[in-house]
Amino acid sequence: MPFSQISTTDFAIKKATAANSLQLIDVREPAEIEIAALSDFTVLSLSEYANWSSTIKERFDPQQETYVLCHHGVRSAQMCGWLVEQGFTNVYNILGGIDAYAVMVDTSVSRY
């Protein structure tokens with residue numbers, strides 16, 4: 001696998017200790033973001049791929065730690081694979097997505 005996986009609990013620790021140096025991408029849809037969202041994530045909905053894909057290297061540093069989130073971890077894994085294809089070298093899929101985060105880290109985050 002060309003990218004790494006990180007548990008929601010390990011991600012929460014990482015975010016708390018190194019938040020300013022992390023690139024955070026949420027690939028969920030706007031309706032999902034309205035239900036539940038984590039601060040500091042840039043929303044790049046996969047359905048809007050045509051609108052943001054050509055500027056990915058301008059918006060994000062391919063060498064910097066990049067963490068990708070979705071609902072359960074499937075779409076974020078797809079995004080991680082695509083980022084690696086674009087030359088990103090330090091990519092992490094957040095296992096279980098925001099649903100696992102709501103269960104394991106912060107129960108105030110809405111589940112859907």
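Whatever comes next refers back to the structure up there.
Residues numbered from 1 in each chain as written. Predicted model: local features only at pLDDT ≥ 70, side-chain atom pairs only at ≥ 80, totals over all residues. Heavy atoms only, no water.

### What to know about the side chain of serine 45
Thought 1: Topologically, serine 45 is positioned in the loop between β3 (42-43) and α3 (49-52).
Thought 2: You can call serine 45 buried: its relative accessible area is 5%.
Thought 3: Apart from the residues within four sequence positions on either side, serine 45 is in contact with Asp26, Val27, Arg28, Glu29, Pro30 and Trp52. (Helix = DSSP H or I, 4+ residues; strand = E, 2+ residues; numbered from the N terminus. Buried < 20%, exposed > 50% of the residue type's maximum accessible area, 1.4 Å probe, protein only. Contact = heavy atoms within 4.5 Å.)

### Structural notes on unusual backbone geometry
Among all residues except glycine, the phi angle is most often negative; among peptide bonds, the trans geometry is most common.
Thought 1: With a phi angle near 75°, aspartate 40 is a residue other than glycine that sits in the positive phi range.
Thought 2: Along the chain, aspartate 40 turns up in the loop between α2 (30-35) and β3.
Thought 3: For aspartate 40, a relative accessible area of 57% puts it in the exposed group.

### Focus on helix α5 (residues 74-85)
Thought 1: Given a rise of 1.5 Å per residue, 12 residues ought to cover 16 Å, and the 17 Å separating the end C-alpha atoms of α5 matches this to within 8%.
Thought 2: As for α5, its buried residues are in contact with β2 (23-26), α3, α4 (56-59), β4 (66-69) and β5 (91-94).
Thought 3: One or two steps after α5, the chain reaches glycine 87, where phi turns positive at roughly 100°. (Expected span 1.5 Å × (residues − 1).)

### Quick word on the pattern of salt bridges
Thought 1: Using the criterion set out here, one finds 5 salt bridges in the structure.
Thought 2: In this structure, the salt-bridge partner of lysine 15 is aspartate 40, at a minimum N-O distance of 3.6 Å. Taken as a pair, lysine 15 in helix α1 (residues 8-18) and aspartate 40 in the loop between α2 and β3 lie far apart in primary sequence, 25 residues in all.
Thought 3: For lysine 15, a relative accessible area of 14% translates into the label buried.
Thought 4: Between aspartate 99 and arginine 111 there is a salt bridge, and its shortest N-O distance comes to 2.9 Å. Here arginine 111 lies in the segment after α6 (97-104) and aspartate 99 lies in helix α6, a separation of 12 residues in the sequence.
Thought 5: For arginine 111, a relative accessible area of 54% puts it in the exposed group. (Salt bridge = Lys/Arg side-chain N within 4 Å of Asp/Glu carboxyl O.)

### A closer look at the packing of α1 against α6
Thought 1: Interaxial distance between α1 and α6 falls to 9 Å at its minimum, and their mutual angle equals 80°. Classified by the angle between their axes, α1 and α6 sit roughly perpendicular to one another. From α1, Thr8, Thr9, Phe11 and Ala12 reach across to α6, where they touch Gly97, Ala100, Tyr101 and Met104.
Thought 2: Counted by class, the contact of α1 with α6 contains 5 nonpolar, 3 polar and no charged residues. (Axes fitted to C-alpha atoms, helices over the stretch in contact; angles between N-to-C directions. Parallel < 35°, antiparallel > 145°, perpendicular 65-115°, else oblique. Nonpolar A, V, L, I, M, F, W, Y, C, P; charged D, E, K, R; others polar.)

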